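What follows is each chain in one-letter form.
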Amino acid sequence: MFAKILIANRGEIAVRIARTARRMGVRTVAVFSDADAGAPHVEACDEAVRIGPAPARDSYLKSERIIEAATRTGAEAIHPGYGFLSENADFAENVEAAGCIFIGPTAETIRAMGSKSAAKDLMEAAGVPTTPGYQGADQSVETFRREAQRIGYPVLLKATAGGGGKGMRRVDAPMQLADAVASAQREGAASFGDDRLLIEKYIETARHVEVQIFGDGKGAVVHLFERDCSVQRRHQKIIEEAPAPNMPPDVRARLLDAGVAAGAAVDYRGAGTVEFLYDGGENVYFMEMNTRLQVEHPVTELITGVDLVEWQLRVAAGEPLPLLQDAIRECGAAVEARIYAEKPDASFAPSIGRLTHLAFPPADMARVDSGVRAGQDITPHYDPMIAKVIVSASDRKTALKRMTQALARVRAVGVDTNTDFLRRLASHPAMMAGDVSTRFIETYDAELFLPAIACDHARAALLHHFARNAAAAAHPNHAADSPWTSLQGFRLNKPAKSVFWIDEADGPALARVTVDPRDPAARRVELETRASAALLRAGEADGETRAFAYRAADQGDETSIEVDGARKAAAVIETAGGWRVFLDDRTVDFARIDPMSGARGDAAAEGSLTAPMPGVVTALAAEVGVHVDAGATLVMMEAMKMEHAIKAPVAGKVAAFRVAVGDQVGEGELLVEFETVA
Amino acid sequence: MDAKTRIVSHADRPQALEVVRAAFEQDLEAQLVERMWTDGSIIAECVTHADGRIVSYAAISPATIAFGSEAVPALALAPVAVAPESQRNGFGEQVVRATIDAAFARHPGRLMFVLGDPAYYRRFDFRPAAAVGYQWEGGDVGDAFQVRSKDRASAPGIMAAAGSDAERRSIVRYCNAFSIFRQETP
């Protein structure tokens, strides 16, 4: 076994690899960019080497610096993780040329599988079923148009060198094709340095299933069963599970055989994943092979009990496969959910900022693989994934229920997350029934995208939090900096009545809280809605008053809130603009209210012609003074590794561009001066 | 001698300025501190009290590590001042340690830079920054420009990964308050 390895990655996967290495007595070297100097992956390793500035292309993608770091620190092998250089054949070759071992397949295999078109040819020859498509050298729009017509719309454009949904576009009609080709080429060039595309039939109701394989590079290839990663947003997986639900045993057997055959065709070495489209009936089609550890590998680990990173290290060190096919068993079901810093309600746009608070479910509830911690910034430089939450149980339904509970304990403040969205996904009846497909999110979108509506449990949790802090404020050591201390707080040994403002969807509400004389643990709340102080003073409050009662019991950081006989666990964390209330079934933000005016604290102006997030301008897509239709793209920017189009809100013309290509822009920065045409 | 270090309060400011002025034997560094106060560009600042007066002062302000159009936030330790009559008593070290801890408590993920005598700053785990690829915006000052991170500075930690190719150098810019030094030398 190696004495020391270098981990050429960051975030959760680097932390996760370091954990196994440490358990095996292998020393680890981290690499980091300027943005990651104090990141958890740096601390998880025994040594750390700076490899460059924040942008990935100047650090985590700089193969020569990473190899030099390995040579300098005496690392015998390099684990590439996923993403970055993990599927870069030149990197694998250069690592070996420098006398190090690349923990992964041979450069030859990566090259063969890295080109989607070559991979498809190879698999066709090996008898693995593939989808109809075009993957020729002619990259003209005319050819793509002709081929798309031949295959039949809808079609999928993919970067030949791609993966992870980058450089991938669904095209429904001929008129969208030219734009989609241009943008997929740009993204392909930016992400992989290769703008070549291929086109294939888009299978409408498809499932995404994949086989985890492992080879020793000497002819032996085994599978560790399959995963279902059908539930995706923007072609990016967000919930994955093992085994695949509702798959007939004969189809499953063919799938697993096809996976092993694909691995055998290239004499595969190390961990690999063979991805297939499954039409829900009898057919599976080869899509691509990922020559690395997958993000979703933990679900396989939980059903097989195998540590895939340990296998990677053993095979790379020349040991045989730890288990033969007959000895690899599966047990139960496992589900993984990816927690992203993003806004599901705003087309999953990344949410940038500082994580001021971050808490995960305890270890007995879920496995959590994370590479960020409270106090850290989610930057536009890298993938905004915060953590993976993985659970298992004897059966799938129980695993999904455990996932729903575990997600309720993921509490992040400072950025928006997809946690509530994932919770609705995991508990959705169709999900429970195993009725998954790549169109799951579009199909159930009305039930999945719900605004965070306050409920009386949330109001009660907030009022309880205020009351508790008001009580603490009476303590001499407590800094009396809360606006609430100036209001009537709860006072010991006095008839307790307090009044607080609560930010409600339709305006500020006044909550009068009294102790129930018959039950000192219960509180009665009179809620007067639309009751700003100014309106109240003017006698113009037009709100209505209703009442509810709650009981609260503190257990450490958690509070149990009971309303109408229903009990929910709650936690209240202060945010920059107010408070975030975490309940079992939802997360609700309450803005801080100026008690005098009753106005909301946050008055974020929203304009479609400002930068939605920090990023770099990649193209100016309109001409100054030339009329454009509503929805026309004006500016393209790249942020969080994704392209974003800034579009004309209405018909009009660009009066002036305030930015140039290559400019770094901050969130909310004005990009375009736009005039509507009268 | 009983010396206590604490975060600078408003009441400490006039005396702290006096210490800075006396230590540098000129007014520029004191102007820098005043400018940082008015700009609000202080991440952490501490004073050490001994014999009922302030004997040392240190401040940390925001800096940026720029590479092309990309920039990431960092920290800059400056100025560090010990009253002339109180020097060589460890008051400098005491105030610097407290200030570094306070700054990293707020920003654990950032790199911290200092311009100064390597023989002195080595004890705080600072290492020459040029070897790791950082250059001070004011030009090449050899090993005087130094860097550390919160936790790994003393380990083999931050080390150079590649040679000295200028292409990968990141420029470290101090906050606007430091422009008063530039005005001095046209």
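Residues numbered from 1 in each chain as written. Chains lettered and ligands numbered in written order. Predicted model: local features only at pLDDT ≥ 70, side-chain atom pairs only at ≥ 80, totals over all residues.

### Quick notes on the overall build of chain A
For chain A, the count of helices and strands is 18 helices and 40 strands. For chain A, with 678 residues in total, the buried portion stands at 50%. (Helix = DSSP H or I, 4+ residues; strand = E, 2+ residues; numbered from the N terminus. Buried ≥ 20, exposed ≤ 12 C-beta atoms within 10 Å, placed from the backbone.)

### Quick look at the overall build of chain B
Helix and strand counts for chain B come out as five helices and nine strands. Ordered by position from N to C terminus, the α and β elements of chain B give β-α-α-β-β-β-α-β-α-β-β-β-β-α. Looking at chain B as a whole, 45% of its 186 residues qualify as buried.

### A closer look at the sheet that holds strand E2 (residues 27–33) of chain A
All names here are of chain A. Read from one edge to the other, the open sheet built from five strands follows the order E3-E2-E1-E4-E5, with strand pairing classed as parallel. Because the sheet does not close on itself, it has two edges, and the strands there are strand E3 (47–52) and strand E5 (101–102). As defined by bridge partners, E2 adjoins E3 across five bridges and the pair is classed as parallel. Bridging across to E3, Ala30 finds its partner in Ala48. (Pairing = 2+ DSSP bridges.)

### Brief notes about the packing of helix H1 (residues 13–24) of chain B against helix H2 (residues 28–39) of chain B
Residues and elements named next belong to chain B. The interhelical angle for the contact between H1 and H2, taken along N-to-C directions, is 150°, at an axis separation of 7 Å. With respect to H2, the axis of H1 lies roughly antiparallel. Across from Leu17, Val20, Arg21 and Phe24 in H1, the residues of H2 making contact are Glu29, Ala30, Val33 and Glu34. In terms of residue class, the contact of H1 with H2 is built from five nonpolar, no polar and three charged. (Axes fitted to C-alpha atoms, helices over the stretch in contact; angles between N-to-C directions. Parallel < 35°, antiparallel > 145°, perpendicular 65-115°, else oblique. Contact = placed C-beta atoms within 7 Å. Nonpolar A, V, L, I, M, F, W, Y, C, P; charged D, E, K, R; others polar.)

### A short note on the packing of helix H1 (residues 11–23) of chain A against helix H11 (residues 308–316) of chain A
Packed helix pairs are specified by the crossing angle of their axes together with the interaxial distance, meaning the distance between the axes. Residue and element names in this part refer to chain A. Orientation of H1 relative to H11, taken along the N-to-C sense of each, is 65°, at an axis distance of 9 Å. It follows that H1 is roughly perpendicular to H11 by the angle criterion. Once H1 is placed against H11, the crossing between them reads as right-handed. Note on element contacts: H11 touches H1 through Val309, Glu310 and Leu313, opposite Arg16, Ile17, Thr20 and Ala21. Of the residues belonging to the contact of H1 with H11, the class tally is four nonpolar, one polar and two charged. (Left-handed = near helix turned anticlockwise from the far one by under 90°.)

### Points about the interface of chain A and chain B
If you look at the interface, chain A gives 28 residues, while chain B gives 24 residues. The biggest single contributor to the side of chain A that touches chain B is E3 of chain A, with six residues. Among the residues making up the side of chain A that touches chain B, the classes are represented as twelve nonpolar, six polar and ten charged.

### Looking at the domain arrangement of chain A
Residue and element names in this part refer to chain A. According to the domain assignment, chain A contains domain 1 (4–103), domain 2 (133–201), domain 3 (207–448), domain 4 (456–591) and domain 5 (615–676). With centres defined by C-alpha atoms, the gap from domain 2 to domain 5 works out at 24 Å. Across the boundary between the two partners, domain 2 contributes five residues, which contact four residues of domain 5. Considering only residue class, the side of domain 2 that touches domain 5 consists of one nonpolar, two polar and two charged. (Domains from an automatic or database assignment.)

### Here's the deal with the nonpolar core
Core analysis: the biggest nonpolar cluster contains 218 residues, and Ile78 and Val389 of chain A together with Phe113 of chain B have the highest contact counts within it. For Ile78 of chain A, the residues in contact, after removing those within four places along its chain, are Ile5, Leu6, Ala8, Ile66, Ala70, Val95, Cys100, Phe102 and Ile103 of chain A. (Core = buried A, V, L, I, M, F, W, Y, C linked by C-beta atoms within 7 Å.)

### Quick notes on H1 of chain B
An α-helix turns once every 3.6 residues. As a result, residues three or four positions apart point the same way. Residues and elements named next belong to chain B. The end-to-end C-alpha distance of H1 is 17 Å, a good match for the 16 Å that twelve residues give at a rise of 1.5 Å each. Residues of H1 that are buried include every one of Ala16, Leu17, Val19, Val20 and Ala23, and no others. For H1, the angular spread of buried residues about the axis comes to 160°, placing them on one side. Phi for Glu25, located one or two positions after H1, is positive at around 55°. (Expected span 1.5 Å × (residues − 1). Arc of directions from axis to C-beta.)

### A word on the environment of His49 of chain B
Residues and elements named next belong to chain B. Assignment of secondary structure puts His49 in strand E2 (residues 44–50). Through-space distance from the C-alpha of His49 to that of Val80 is 15 Å; in sequence the pair is 31 residues apart. Setting aside anything within four residues of it in sequence, one finds His49 in contact with Ala3, Lys4 and Ile54.

### Considering the environment of Gly74 of chain A
Within the element layout of this structure, Gly74 of chain A appears in the loop between helix H3 (63–73) and strand E4 (77–79). Sequence spacing of Gly74 of chain A and Gln325 of chain A is 251 residues, and the spatial spacing of their C-alpha atoms is 35 Å.

### Some words on unusual backbone geometry
Residues and elements named next belong to chain A. With an omega of -5°, the peptide bond running from Tyr153 to Pro154 counts as cis. Structurally, Pro154 is set in the loop between helix H7 (141–151) and strand E7 (155–163). Note that the residue after Ala242, namely Pro243, is joined by a cis bond; omega there is -5°. If you trace the backbone, Pro243 turns up in the loop between strand E14 (239–242) and helix H9 (249–265). Positive phi values are uncommon outside glycine, yet Phe84 reaches one of about 40°. Counting through the fold element by element, Phe84 comes out in the loop between E4 and helix H4 (89–97). Under the C-beta neighbour-count criterion, Phe84 is labelled buried, with 22 such atoms within 10 Å. For Phe348, which is not glycine, the phi torsion reads 60° and is therefore positive. Within the fold, Phe348 resides in the loop between strand E18 (342–343) and strand E19 (349–350). The class for Phe348 is partly exposed, based on 19 C-beta atoms found within 10 Å.

### A short note on H2 of chain B
Residues and elements named next belong to chain B. In a regular helix each residue adds 1.5 Å, so twelve residues correspond to 16 Å; H2 covers 16 Å between its end C-alpha atoms and thus fits that length. Among the residues making up H2, those that are buried are Glu29, Ala30, Leu32, Val33 and Met36. Each buried residue of H2 sits inside an arc of 155° when the element is viewed along its axis, so together they form one side. One or two steps after H2, the chain reaches Gly40, where phi turns positive at roughly 70°.

### Details of the confidence of the model for chain B
All names here are of chain B. Confidence in the prediction of chain B, expressed as mean pLDDT, is 85, and 88% of residues score 70 or more. A low-confidence stretch, residues 153–157 (pLDDT under 50), is modelled with nine contacts involving residues beyond four sequence positions or located in other chains. Taken together, the stretch residues 160–164 has pLDDT below 50 and engages in twelve contacts with residues farther than four places along the chain or on a different chain. Reported for the predicted complex are a pTM of 0.78 and an ipTM of 0.70. (pLDDT = per-residue confidence, 0-100.)

### Quick word on the pairing of strand E8 (residues 145–148) of chain B
Residues and elements named next belong to chain B. Residue alternation in E8 divides its side chains into two sets, Phe145 and Val147 and Gln146 and Arg148, and both sets are buried. When strand E5 (residues 112–115) meets E8, the two strands line up antiparallel, connected through four bridges. Among the inter-strand pairings, Phe113 is bridged to a residue of E8, identified as Val147. In terms of strand pairing, strand E6 (residues 127–128) meets E8 through two bridges, oriented antiparallel. Across the sheet, the residue bridging to Pro128 is Gln146, located in E8.

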